[in-house]
Amino acid sequence: MSNVVIHPALPGLLVTLAAAASALSSEGEAQAAERPANPALTPALIVEGQQIFRDDTFGDEQLWTDRLRMHEVVATIDPIAAYWGAA
């Protein structure tokens, strides 16, 4: 792990998130116990939502390809650099 680059803001963000999660956990558990399950959330609705999230382009393909040419930019970025945010 000698070549791992960690964004300087990451430790502070993690501390903030941990504190927020700790503060909300007991309050959230109490509210969840009082709140009934959503009867409208059916397995079919969940599958439909997954398909929209994974497959729907919302008709903006030309924006990302023709105008912004993102496919050309993405092809030049190393996957490891993209993951770690390093250029």
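How each quantity is defined
Residues numbered from 1 in each chain as written. Predicted model: local features only at pLDDT ≥ 70, side-chain atom pairs only at ≥ 80, totals over all residues. Heavy atoms only, no water. Helix = DSSP H or I, 4+ residues; strand = E, 2+ residues; numbered from the N terminus. Buried < 20%, exposed > 50% of the residue type's maximum accessible area, 1.4 Å probe, protein only. Areas by Shrake-Rupley, 256 points an atom, 1.4 Å probe, with all protein chains shown as cover. Phe/Tyr/Trp six-rings, centres within 6.5 Å; stacked < 30°, edge-to-face > 60°. Salt bridge = Lys/Arg side-chain N within 4 Å of Asp/Glu carboxyl O. Patch = residues over 30% accessible without salt bridge, like charges linked within 9 Å, V, L, I, M, F, W, Y side chains within 5 Å.

## As for the overall build of the protein
So, step 1. Helix and strand counts for the protein come out as 5 helices and 0 strands.
So, step 2. In the protein, the succession of α and β elements from N to C terminus is α-α-α-α-α.
So, step 3. Counting only residues that meet the buried cut, the protein has 1% of its 87 residues in that class.
So, step 4. Surface accessibility of the protein: about 7900 Å² in total, with carbon and sulfur atoms responsible for 65%.

## A few points about the packing of aromatic side chains
So, step 1. As enumerated under the stated definition, the model contains 1 aromatic pair in all.
So, step 2. Taken together, a centroid distance of 4.9 Å and an interplanar angle of 90 degrees make the contact between Tyr 83 and Trp 84 edge-to-face.
So, step 3. With relative accessibility at 66%, the residue Tyr 83 sits in the exposed group.
So, step 4. Here Trp 84 falls in the partly exposed class, since its relative accessible area comes to 40%.

## Notes on unusual backbone geometry
So, step 1. We note that Phe 58 has phi near 60 degrees; this positive angle belongs to a residue other than glycine.
So, step 2. Phi angles above zero are rare outside glycine, and Arg 69 is one such case at about 55 degrees.
So, step 3. Looking at the secondary structure, you find Arg 69 in the loop between helix H3 (61-67) and helix H4 (70-75).

## Regarding the pattern of salt bridges
So, step 1. What the rule picks out here adds up to 1 salt bridge.
So, step 2. Salt-bridge contacts for Glu 72 lead to Arg 69; the nearest nitrogen and oxygen are separated by 2.8 Å.

## A closer look at a nonpolar patch on the surface
So, step 1. Residues Leu 63, Trp 64, Leu 68, Met 70, Val 73, Val 74 and Ile 77 make up a contiguous nonpolar surface patch of roughly 580 Å² in combined accessible area.
So, step 2. Element by element, the count of residues in the nonpolar patch is highest for H4, at 3 residues.
So, step 3. Positionally, Ile 77 belongs in the loop between H4 and helix H5 (79-84).

## Quick word on the environment of Ala 81
So, step 1. Looking at the secondary structure, you find Ala 81 in helix H5.
So, step 2. When the C-alpha atoms of Ala 81 and Val 5 are compared, they prove to be 9.4 Å apart, with 76 residues separating the residues in sequence.

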